[in-house]
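Structural overview
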Amino acid sequence: MLRDASNGVLMDKLPIGIIILNSTGRYQSGNRLALQLFGIGIEDLIDKSFVQVVDDKKLTETILQIKYEGASLSQVLITRNKRTLKCSVQVYSVNGDESDLLVAVEDVTALRKMEEIKKEFLSNILYRLRTPLSSLKTGLSHLGTIAEFPKNSDENELLNMCSHEANRLHALLSDLRALFSIETGISKDDLELENFEVSFVLRRCIEDIKKLGGKYPSGCELITLTDVKLPQLHADFEKTKIALTILIKNALQFSLCEKPISIMCEDVGDSIDISVVDKGIGIQPNSLDVIGEKFFREDNEITRSIEGNGLGLFIARSFVTDMGGHLYFESRGVEGTVFHISLPAVQGR
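A quick note: this is a predicted structure, and the numbers were derived from the prediction, not measured.

Burial within strand β10 (residues 271–277) is extensive, with 7 of its 7 residues counted as buried. What you see with β10 is no split at all: S271, D273, S275 and V277 on one side and I272, I274 and V276 on the other are buried throughout. Strand direction decides the pairing type here: strand β9 (residues 262–267) and β10, joined by 6 bridges, are antiparallel. Bridged to C265 within β10 is I274. Note that β10 and strand β12 (residues 337–344) share 7 bridges and pair antiparallel. Note that in β12 the partner of D273 across the bridge is S342.

Spelled out as C-alpha cells, the structure:
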C-alpha cells in the first residue's frame, strides 16, 4: 500500500531524498524531495515497480546488486531531468527484516559542475607550466655549456643552483600531472596494455636515472630467481617504467654508505614479481600503515636531507593497481626494505 510522501513529516525535513522499497521493489514510503528529484509522482507508482518508473539502467543494476549479490551499500550517479543525482542504495531493516531497500538521493549537479571547472583549470595550469619550464631548463643547460665561469665562482654557483631548482620544479610538475591523471580517472582510461620484456623496462629505468644525474652504485645488479626465461609482462610500458623508476630511485636515495641495491624478478605463474631490495634505513614501525599515502614522508634526520614531495609511492601504487597488479613492501628495520611490484604476465605460454 502506497503512503503519500506528505505524511512522512520527519523524512520531509531531511536535506536528502529518501525512498523505501519493499521486498517486491514497490514504493513503500518516501519524502517529497525524492519524488521531485526523480521527477515522478505517487500516482506513477501505483501499478509499477520503482525501477520501471524511474527507468534508469545504472540505478536498476545497483538495486539488483544490493538485493541479490549481498552487497551492503552501493552508490551510482545518474542523470535525471538535466540534473546529476547521486543515489545510495542499502538494505533497510525493519524489526530484523532485511528485505526492504532504502534509496537515498542527492542533487550533486552544482558540485559536479564545480569539479569539472576545477579539473579543467588544473589541467590548463599544468599544461601551460610545462612549456616555459622546459624552455627554462633548456636555456640553463645551454648556458652551462657555453659559459666559462670558474668552477668555484659565484656565477657558476648561481647557475648550478638555478639548474637544480628548475629540475626540482620539473619533477614536481611531473608528479602533479600524474596525480591529476590518477584522481580524475584519466590514468586508468588511458592504459595502453602491451607485451614486453622485464629486462627491457628495467634497462630503460636505469638509463633514465643515470640521465637525471642520480647516484647509481656500480654494484647494483639484476638477479633472476627463475631457471627459465621470464615470460613477458602484459602491462602499460610507460606506467611500469615510472613505477619501477620511483622504487629504484627511492632505494638509491635511502641506501646507506653507497651500499648496492638488488633488483630481483620471479615468475609466479600468472604474474611476475619484481623486487627492489635495499640495505638502507628501513621504515619506522609507526609509519608502516601510512607509507604510500599522498604527501606522506617519514620525518627523521635522513629523510629531511633528501628532496621529495611524498607523491612517488602513491603514484607508483596507483599505476600498478590500474594495470591489475599489486605493490607491497617488507621492512627489515635497519637492514633495509624490499618493495615488490607484481604485474600480470602474458598468458598461454
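Before going further, it helps to spend a moment on the packing of helix α8 (residues 198–211) against helix α9 (residues 237–254). Any two packed helices are characterised by the angle at which their axes cross and by the distance between the axes. In contact at an axis separation of 9 Å, α8 and α9 are set at 55 degrees when each is read in the N-to-C sense. Taken as axis vectors, α8 and α9 run oblique relative to one another. Between α8 and α9 lies a crossing whose hand is right-handed. Side by side, α8 and α9 meet where F200, V201, L202, R204, C205, D208 and I209 of the first sit next to F237, E238, T240, K241, L244, T245, I248, K249 and L252 of the second. Considered class by class, the residues forming the contact of α8 with α9 number 9 nonpolar, 2 polar and 5 charged.

Soluble globular proteins tend to bury their nonpolar side chains together. Residues I248, I274 and I341 are the most contacted members of the largest nonpolar core, which totals 41 residues. Of the residues forming this core, the biggest block, 8 residues, is contributed by α9. Once residues lying within four places of it in the same chain are set aside, the contact partners of I274 are V198, L233, L244, I263, M264, C265, F339, H340 and I341. Among the nonpolar cores identified, the runner-up in size contains 24 residues, and I19, L21, L37 and F50 belong to it.

On to the pattern of salt bridges, then. Per the stated rule, a full pass over the model turns up 5 salt bridges. Residue E165 is joined to R168 by a salt bridge in which the shortest nitrogen-to-oxygen separation is 3.2 Å. Within this pair, E165 and its partner R168 are both found in helix α6 (residues 154–183), separated by 3 residues, close to a single helical turn. Looking at E165, the relative accessible area reads 34%, which means it is partly exposed. In this structure, D208 engages K241 in a salt bridge whose closest nitrogen and oxygen atoms are separated by 2.8 Å. One end of the pair, D208, is in helix α8; the other, K241, is in helix α9, with 33 residues separating them in the sequence. Here the salt bridges share partners, and the residues they tie into one network are D208, E238 and K241.

Before going further, it helps to examine the confidence of the model for the protein. Mean pLDDT over the protein works out to 80, with 81% of the residues at or above the 70 mark. Confidence drops under a pLDDT of 50 for residues 1–7, and excluding neighbours within four residues, the segment shows 21 contacts in the predicted structure.

We now examine the packing of aromatic side chains. Counted according to the given criterion, the structure contains 4 aromatic pairs. Aromatic pair F38 and F50: ring centres 5.3 Å apart, planes at 80 degrees, arrangement edge-to-face. Placement of F38 in helix α2 (residues 32–38) and of F50 in helix α3 (residues 50–54) is noted, with a sequence separation of 12 residues between them. On the accessibility criterion, F38 (0% relative accessible area) is buried. Accessibility expressed as a relative area gives 0% for F50, which makes it buried. Linked through ring pairs, F196, F200 and F237 together constitute an aromatic cluster. The ring of F319 has K239 sitting right over it, with the charged end atom 5.4 Å from the ring centre.

Conventions adopted
Residues numbered from 1 in each chain as written. Predicted model: local features only at pLDDT ≥ 70, side-chain atom pairs only at ≥ 80, totals over all residues. Heavy atoms only, no water. Buried < 20%, exposed > 50% of the residue type's maximum accessible area, 1.4 Å probe, protein only. Helix = DSSP H or I, 4+ residues; strand = E, 2+ residues; numbered from the N terminus. Pairing = 2+ DSSP bridges. Axes fitted to C-alpha atoms, helices over the stretch in contact; angles between N-to-C directions. Parallel < 35°, antiparallel > 145°, perpendicular 65-115°, else oblique. Left-handed = near helix turned anticlockwise from the far one by under 90°. Contact = heavy atoms within 4.5 Å. Nonpolar A, V, L, I, M, F, W, Y, C, P; charged D, E, K, R; others polar. Core = buried A, V, L, I, M, F, W, Y, C linked by side-chain atoms within 4.5 Å. Salt bridge = Lys/Arg side-chain N within 4 Å of Asp/Glu carboxyl O. pLDDT = per-residue confidence, 0-100. Phe/Tyr/Trp six-rings, centres within 6.5 Å; stacked < 30°, edge-to-face > 60°. Lys NZ or Arg CZ within 6 Å of the ring centre and 35° of its normal.

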